[in-house]
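What follows is the residue order along each chain.
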Amino acid sequence: MQPKMLIDGKLVEGDFSLDVVNPATAMSFATCGRASAQQLEAAVDAARRSQPAWARLTFAQRGKYLERLCDAIEARTGEFARLLTLEQGKPLRQARSEISGGLVRFRYFAALDCPPVVLRDNEREQIVQEHVPLGVIAAITPWNFPFSLLISKIAPGLIAGNTIVAKPAPTTPLTTLLLGEVAAGILPPGVLNVIVDANDLGSRLTAHPDIAKVGFTGSTETGKRVMQAAAQSLKRLTLELGGNDAAIVLDDAELGTVARQVFEAAMVNAGQVCLAAKRVYVPSGMFDAFFDELAQLARSVIVGDGLDEKTQMGPLQNQQQYEKVLKLIESARLAGAEIAGGCSRDGPGYFIAPAIVRGLTDDAELVRTEQFGPVMPVLAYETVDEVVERANATPFGLGATVWTSDYRRGADIARRLEVGTAWVNRHLHLAPDVPFGGAKESGLGHENGIEGLKGVMQLKILNIEKGAAQGARPGARQNQV
Ligand code: ADP
């Protein structure tokens, strides 16, 4: 059966269809519905019409709906995880943890409230600060974490009283469609709508006058286009964009343990993580030993089809990304770099074995740009001041890591890094209650935490003169601007 889209509470066929490719075989394995511009309009219209009634419910009432949705997804975790592996490529174990981690975040938001704050209340006046929903939110997601990044947008959006039009990336639509199918029997019609495109409807959605906010995760380049389209109606925006995170190893770091952690920070999800470690800086005195340790780790990884439980790293998600990463490896080779690993596999599928690269300078393409693949350039440094300057010399500012035996020393350096999150001795630690967002060209706004909730709400002031019915008092205009 063809997976269907969710529009106005109904599961509908697309006016068009879309083939979905399994990156482990490079073959199409499913065909799903794909929206026409009219279907997009129907989805936005349904979301707009259902929003006032959804917003009139209390947080607790909406929370009950969301809890039921979480329970229903959880009951089908196996099915979600398998589909995620099939369309995205990641190993099943990682797919399961993406589903379970996403549900933890969903339940965190389902339990939240955002009560008004009374700023002043006396015999003369009352001033209250409230947060009210924005309206309809477009949730636009990428192909690296199709489930968890969707939850980051719909969970705060819905609990706050907004309604949603969700649009997954065209290469990974199926888990989002399955979530829509599950939600169809639980949420009131129109509250959550799921449409699929072929990279052709994003600009229409982000320019739509009835969309109040765009929650977007994707590349910096596309994020800038989203911002331009949204400017027309001054939409609210949360943009989670690209990164080129530096991992800084200090000279007191315990080599073996830290090499393993840095390797993991760079290679998880085959390096297709916005905040993966994308360039590693190592003191020149320990450079050779550190590089050898990383190369050893690279050789030991089992690369294969994510459905095989033995697989530790799956394929790249799509052909375009696969070719881009191979080209980056080739350009490093041409620049005279030494590369450990990094071969593509014979036969079908977008597989690239982990590659550790040395001998590049900071201006090499692989160091400057976001590779988004299992390729890690390792660079030597002499002093802390120098490495901080080199780490900051990028338009990106998503995350960074510092690795040391002395966490206080690490924290001092972390404070100097121009990023949204600076980790010391840990990585990819993203808790539902901890805001996450990028500095510089890595993003705008935050997801997760109370900041994430406030990001999908309008701060509204209720300013009441209690004696107003008796007419203005002398001096009442004094504070006007
Ligand atoms: P990639 O280039 O790796 O495919 P993108 O950042 O372009 O990553 O894609 C992230 C999401 O943005 C996807 O859902 C994609 O369909 C969507 N998208 C692509 N172009 C636009 C656009 N102009 N406006 C809004 N969304 C877009």
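The protein goes by Aldehyde dehydrogenase domain-containing protein in an unreviewed UniProt entry, where it is assigned to Paraburkholderia piptadeniae. The annotation that UniProt attaches to the protein under Sequence similarities (unreviewed entry) is "Belongs to the aldehyde dehydrogenase family."

Counting its secondary structure elements, the protein contains 15 helices and 20 strands. In terms of C-alpha radius of gyration, the protein reaches 24 Å, essentially the compact-globule figure of 23 Å for 481 residues. Principal axes of the C-alpha set define a box for the protein whose edges measure 80 × 60 × 35 Å. Looking at the protein as a whole, 54% of its 481 residues are labelled buried. Within the protein, contacts between residues at least 6 apart in sequence are counted, and of these 73% link residues at least 24 apart. On the protein, roughly 20500 Å² of surface is accessible, and the fraction owed to carbon and sulfur atoms is 52%.

Another point: the site of the ligand. Neighbouring the ligand are 18 residues; Thr-141, Lys-167, Asn-199, Ser-219 and Thr-222 lie closest to it. At a separation of 2.7 Å, an oxygen atom of the ligand approaches a polar backbone atom of Thr-141. Between Trp-143 and the ligand, the recorded distance is 3.2 Å, taken from a side-chain N or O atom to an oxygen atom. Within the complex, the protein chains bury 81% of what would otherwise be the 550 Å² of accessible surface of the ligand. Where the shell around the ligand is concerned, the elements lending two or more residues are helix H7 (202–206), strand S10 (213–217) and helix H8 (220–231).

Turning our eyes to something else, we now look at the side chain of Lys-153. The topology assignment puts Lys-153 in helix H5 (residues 148–159). A residue is classified by how much of its surface remains accessible, and Lys-153, at 5% relative accessible area, is buried.

Moving residue by residue along a regular strand, the side chains alternate between the two faces of the sheet. Strand S7 (residues 136–140) sits mainly inside the fold: 5 of its 5 residues count as buried. The alternating pattern of S7 places Val-136, Ala-138 and Ile-140 and Ile-137 and Ala-139 on opposite faces, both of which are buried. Examined bridge by bridge, S7 and strand S8 (residues 163–167) share 5 bridges and lie parallel to one another. When the sheet's bridge partners are listed, Ile-140 is paired in S8 with Lys-167. The handedness of the S7 to S8 crossover, carried by H5, is right-handed. Summarising the sheet, S7 and S10 pair through 4 bridges and their orientation is parallel.

Looking now at the side chain of His-208. Tracing the chain through its elements places His-208 in the loop between H7 and S10. Within the structure, the side chain of His-208 is placed 3.0 Å from the backbone nitrogen of Asp-210, a separation counted as a polar contact. Not counting residues up to four positions away in its chain, the partners in contact with His-208 are Leu-40, Glu-41, Val-44 and Lys-235.

Our focus in this paragraph is the packing of aromatic side chains. Across all of its chains, the model carries 6 aromatic pairs by this definition. With a centroid separation of 5.5 Å and 80 degrees between ring planes, the pair formed by Trp-143 and Phe-372 is classed as edge-to-face. Of the two residues, Trp-143 is situated in the loop between S7 and H5 and Phe-372 in the loop between helix H12 (365–368) and strand S16 (375–381); the sequence distance between them amounts to 229 residues. Plain terms: the ring middles of Phe-287 and Phe-291 are 6.4 Å apart, the flat faces sit at 15 degrees to each other, and that makes the pair stacked. Residue Phe-287 and its partner Phe-291 are both found in helix H10 (residues 287–300); the two are separated by 4 residues, about one turn of the helix.

Reading the values: rules and limits
- Residues numbered from 1 in each chain as written.
- Predicted model: local features only at pLDDT ≥ 70, side-chain atom pairs only at ≥ 80, totals over all residues.
- Heavy atoms only, no water.
- UniProt positions renumbered as here; feature names shortened; annotations may be inferred.
- Helix = DSSP H or I, 4+ residues; strand = E, 2+ residues; numbered from the N terminus.
- Rg over C-alpha atoms; globule rule 2.2 N^0.38 Å.
- Buried < 20%, exposed > 50% of the residue type's maximum accessible area, 1.4 Å probe, protein only.
- Contact = heavy atoms within 4.5 Å.
- Areas by Shrake-Rupley, 256 points an atom, 1.4 Å probe, with all protein chains shown as cover.
- Near = heavy atom within 4 Å.
- Polar contact = N/O pair within 3.5 Å; in protein donor to acceptor, adjacent residues only side chain to side chain.
- Pairing = 2+ DSSP bridges.
- Right-handed = clockwise from strand over helix to strand, strands pointing away.
- Phe/Tyr/Trp six-rings, centres within 6.5 Å; stacked < 30°, edge-to-face > 60°.

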